[in-house]
Amino acid sequence: MTAVPQPSRSLTPLLVPLLAGGLAALALGVYGRVHTPTGFAVGVAGFSAALPMKAWLTTGAFVLAIVQVVSALSMWGRLGITIPPAVHRWSGRLAFLLTIPVAFHCLYALGLQYDVPRVLAHSLLGCFFYGVFTAKMLALPKRDAPGWTLPVLGGLAFTALIGIWLTSSFWFFTAIGLKV
């Protein structure tokens, strides 16, 4: 008895999501570079300044990203426990929402900066995160995409967010302190 070969899944369904994600990352980077930064904060509601707001909101997104990884592992049957898919969906939505005011402030008030290596890495990771996130969201409904698509794009988004957190919140908490 011979095994029936499985049809290989084409990368064609990923062309639009990956192209859109690349364009989103590029557009954010170009905008951040050519836009004249205002230098002042917008919408720091409840926080003493923009940096604490960004550090805490990014930390919230970071924690929710860990929930994303754990719930994804559960959905893919890798944990031996069942976490409802709604936990994955809602933790992702909330994490993304927490990043919006941070990204808006970064782009509007600061722009894409490259003078300090940490800040350059942070700027590039931010653009990359939104590009990968765009690609992942557009790839979700593609049932004919390769099976590795969502884990890889989700892993890249998680990795980018960890890098963003390390180059911003972790730096802030260790250099400035735990300020609100």
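If you're wondering where the values come from, they're calculated on a predicted model, not measured in any experiment.

> Looking at this structure, how should I read the nonpolar core?
In summary, soluble globular proteins display a tendency toward joint burial of nonpolar side chains. By size, the foremost hydrophobic cluster in this structure holds 17 residues, and its most contacted members are Phe129, Leu153 and Leu161. At the level of elements, α2 (50–75), α3 (85–110), α4 (117–139) and α5 (149–175) are the ones that each hand at least two residues to this core. Contacts of Phe129, omitting those with residues within four sequence positions, involve Thr99, Ala157, Ala160, Leu161 and Ile164.

> When you look at helix α1 (residues 15–34) in this model, what are you seeing that I'm missing?
Since the α-helix turns once every 3.6 residues, residues separated by three or four places project in the same direction. For α1, spanning 20 residues, the distance from its first C-alpha to its last is 28 Å, which sits close to the expected 28 Å at 1.5 Å a residue. For α1, the full list of buried residues reads Pro17, Gly21, Ala25, Gly29 and Gly32. One face of α1 carries all of its buried residues, which in axial projection span an arc of 100 degrees. In α1, the exposed positions angled more than 90 degrees off the buried face are occupied by Leu15, Val16, Leu19, Leu26 and Val34.

> Just to check I follow, could you spell out the packing of aromatic side chains for this structure?
For the structure shown, the criterion picks out 10 aromatic pairs. Geometrically, the ring pair formed by Phe96 and Tyr130 is edge-to-face, given 5.9 Å between the ring centres and 70 degrees between the ring planes. Of this pair, Phe96 sits in helix α3 while Tyr130 sits in helix α4; the two residues are 34 residues apart in sequence, bridging distant segments of the chain. Relative accessible area serves as the criterion here: at 24%, Phe96 is assigned to the partly exposed category.

> Can you walk me through the side chain of Thr149 in this structure?
By the secondary structure assignment, Thr149 is in helix α5. Every residue in contact with Thr149, bar those within four places of it in the chain, is listed here: Leu14 and Ala139.

> It is not clear to me how the UniProt feature "transmembrane region" (unreviewed entry) in the chain should be interpreted in this structure. Could you clarify?
Sequence positions flagged by UniProt for "transmembrane region" (unreviewed entry) are, in local numbering, residues 53–73, 94–114, 120–140 and 152–173. Within residues 120–140, the helical portion is 95% and the strand portion 0%, while the C-alpha atoms at the span's ends are 30 Å from each other. Helix makes up 100% of residues 152–173 and strand 0%. Its end C-alpha atoms lie 30 Å apart.

> Sorry, what's going on with the packing of α2 against α5 here?
The description of two helices packed together rests on the angle between their axes and the distance between the axes. For the pair α2 and α5, interaxial distance at closest approach is 9 Å and the crossing angle is 145 degrees. As for the relative orientation of α2 and α5, their crossing is left-handed in sense. Contact with α2, carried on its side by Leu51, Pro52, Lys54, Ala55, Trp56, Thr58, Thr59, Ala61, Phe62, Ala65, Ile66 and Val69, involves Phe158, Leu161, Ile162, Ile164, Trp165, Ser168, Ser169, Phe172 and Phe173 of α5 and no other residues of that element. In terms of residue class, the contact of α2 with α5 is made up of 16 nonpolar, four polar and one charged.

> Help me out: how do you make sense of the environment of Ile83 in this one?
Relative to the elements of secondary structure, Ile83 occurs in the loop between α2 and α3. Along the chain, Ile83 and Ala49 lie 34 residues apart, while their C-alpha atoms are 37 Å from each other.

Rules behind the numbers
- Residues numbered from 1 in each chain as written.
- Predicted model: local features only at pLDDT ≥ 70, side-chain atom pairs only at ≥ 80, totals over all residues.
- Heavy atoms only, no water.
- Core = buried A, V, L, I, M, F, W, Y, C linked by side-chain atoms within 4.5 Å.
- Buried < 20%, exposed > 50% of the residue type's maximum accessible area, 1.4 Å probe, protein only.
- Helix = DSSP H or I, 4+ residues; strand = E, 2+ residues; numbered from the N terminus.
- Contact = heavy atoms within 4.5 Å.
- Expected span 1.5 Å × (residues − 1).
- Arc of directions from axis to C-beta.
- Phe/Tyr/Trp six-rings, centres within 6.5 Å; stacked < 30°, edge-to-face > 60°.
- UniProt positions renumbered as here; feature names shortened; annotations may be inferred.
- Axes fitted to C-alpha atoms, helices over the stretch in contact; angles between N-to-C directions.
- Left-handed = near helix turned anticlockwise from the far one by under 90°.
- Nonpolar A, V, L, I, M, F, W, Y, C, P; charged D, E, K, R; others polar.

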